[in-house]
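Chain by chain, the residues run as shown.
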Amino acid sequence: MPLPKPPSSVQPITFPVFGLSWFATPNGEESIVAYGGGGGSAKTGFSNKIIVQFLKNDEDIIISTDVDVCVCLVVYQEFPSEDIFILAAIGKTIRRYFLSNSEEGPSFSKAGEVNVGEGCNTLAVHAMGQVFAVGCDDGPVHVYQMAPKDAPEASWTRLFSCLGHEKTVCGISFALRSDHIVSSAKDGTARVWKQGGECLSFMKCDITDPAENNNKTPKTKNRRPPQILVRGCAFGDLEGKLVFTIASGRKGKAFLSKWSLNDATNEFELVVRTAIHTFPISSMNLSADGSLLALGAVNGTILLVDVTEWKVVKKFNELHELPVTCVAARPYMTMPLAGDEEGIPLHARSASADSKMGLLTMSKKRKRRTTAAQEIKKQQPGMSLPMLLW
């Protein structure tokens, strides 16, 4: 496993990670990273937990998830209260934790839970922080209204369900300025849903390379078509009229696609499909400002994609020893965030079942600055510092 060049790094952690989230307030004063996972058994002991890092004051808290493993989580802010929460998919339940960072230090408290009734695989929270969508193992997407943090858990309400995917849902995203939800699954499709659960449009993803000649006759007749896995999706605009998807087979190239809504037909049409990596992509995350896409591959590689330029701007080859389970792009690309060290911003974080965390930047290592006094002393080694300051 080649190590990234400084100031990027790979740090060991104590357990396999399956869920990762990076949140920052719009002013950059609060920056929080949370990751969850674990493993073990009743015989060896469980180490299932969520770690929450408050980067502003460099303090962590640990949330035990008991016998169940957290597979996905989201750190978000609720409005108008401006409270900060974690929403975590743990087994068949969705749990919410209230986070506080007071003068006494960071703390958490449980703030609700709902039993979805089936295995939960992925999560998304609406920008207002009061509604979430959960994608399940058997294909449905369920949308819930959360209650205020002090309300009884029974007051959480399932608003509607989106039915249409035939296999496990891998990705979900809300549009900021419309009621649209996009989801993607291992059935080879991404779907856009309207409020109430109606499917507005579906996108059938393709994994043939547009740069190659695909008119060749297959070597084997009656060959089964490969299963297409759409491991991630996101809206690329505020109104929900632009969608990004990442698709691949179980092996071979991964393809990043851009889809645009045709207002006349109310269907999403393919704008561009690009072979983005030679191995399948296993995780995807779009920055909160919509400018940077972080992709993690099954061979441990991390790719950072500028969605405006539609190109890979940084690649970290085989950073992890196992497939990348989760990635998190820096929330805001142009704004300093709490936790930035020496003026060098991290642009993405990655994790895997190899119990390692990637801390990744597109910036180059800066040369160490010397003070004026050090520079003078270097030029005139025979003079002492007090003489220079008289």
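Before any of the text, the structure's been laid out above.
Below you will find a few notes about this structure. (Residues numbered from 1 in each chain as written. Predicted model: local features only at pLDDT ≥ 70, side-chain atom pairs only at ≥ 80, totals over all residues. Heavy atoms only, no water.)

### Brief notes about the overall build of the protein
Heads up, the rule is: Helix and strand assignments follow DSSP, with helices taken as H or I runs no shorter than four residues and strands as E runs no shorter than two, numbered in order from the N terminus. Relative accessibility under 20% of the residue-type maximum defines a buried residue, over 50% an exposed one, and the middle range a partly exposed one, all with a 1.4 Å probe and only protein chains included. We call two residues in contact when some of their heavy atoms are within 4.5 Å. The Shrake-Rupley method, run with a 1.4 Å probe sphere, supplies the accessible areas, and residue values consider only the shown protein chains as cover.
Per the secondary structure count, the protein includes two helices and 30 strands. For the protein, with 390 residues in total, the buried portion stands at 50%. Long-range pairs, those at least 24 residues apart, make up 48% of the contacts in the protein between residues at least 6 apart in sequence. Summed over its atoms, the accessible surface of the protein is roughly 19,500 Å², and 51% of this surface lies on carbon and sulfur atoms.

### A few points about the pairing of strand 7 (residues 59-64)
So the rule is basically this: Pairs of strands are assigned from DSSP output, requiring at least two bridges between the strands.
Here six bridges tie strand 6 (residues 49-54) to strand 7, and the two strands are oriented antiparallel to one another. Along strand 7, the bridge assignment pairs Gln 53 with Asp 60. Connecting the antiparallel pair strand 6 and strand 7 is a turn made up of four residues, with Asp 58 showing a positive phi of about 55 degrees.

### Details of the nonpolar core
It is characteristic of soluble globular proteins that their nonpolar side chains tend to be buried jointly. Defined as follows: The definition of a nonpolar core used throughout is a set of buried Ala, Val, Leu, Ile, Met, Phe, Trp, Tyr and Cys residues joined through side-chain atoms within 4.5 Å.
By size, the foremost hydrophobic cluster in this structure holds 21 residues, and its most contacted members are Leu 87, Ile 94, Leu 123, Phe 132 and Val 134. Going through the elements one at a time, strand 8 (70-77), strand 9 (84-90), strand 10 (93-102), strand 11 (105-115), strand 12 (120-125) and strand 13 (131-136) are the ones with two or more residues in this core. Discounting residues that sit within four places of it in the chain, Phe 132 has contacts with Leu 87, Ile 94, Val 114, Leu 123, Ala 124, Val 125, His 142, Val 143, Tyr 144, Met 146, Trp 156 and Phe 174. Formed by 18 residues, the second largest nonpolar core is a distinct cluster that contains Met 203, Cys 205, Ile 207 and Trp 259.

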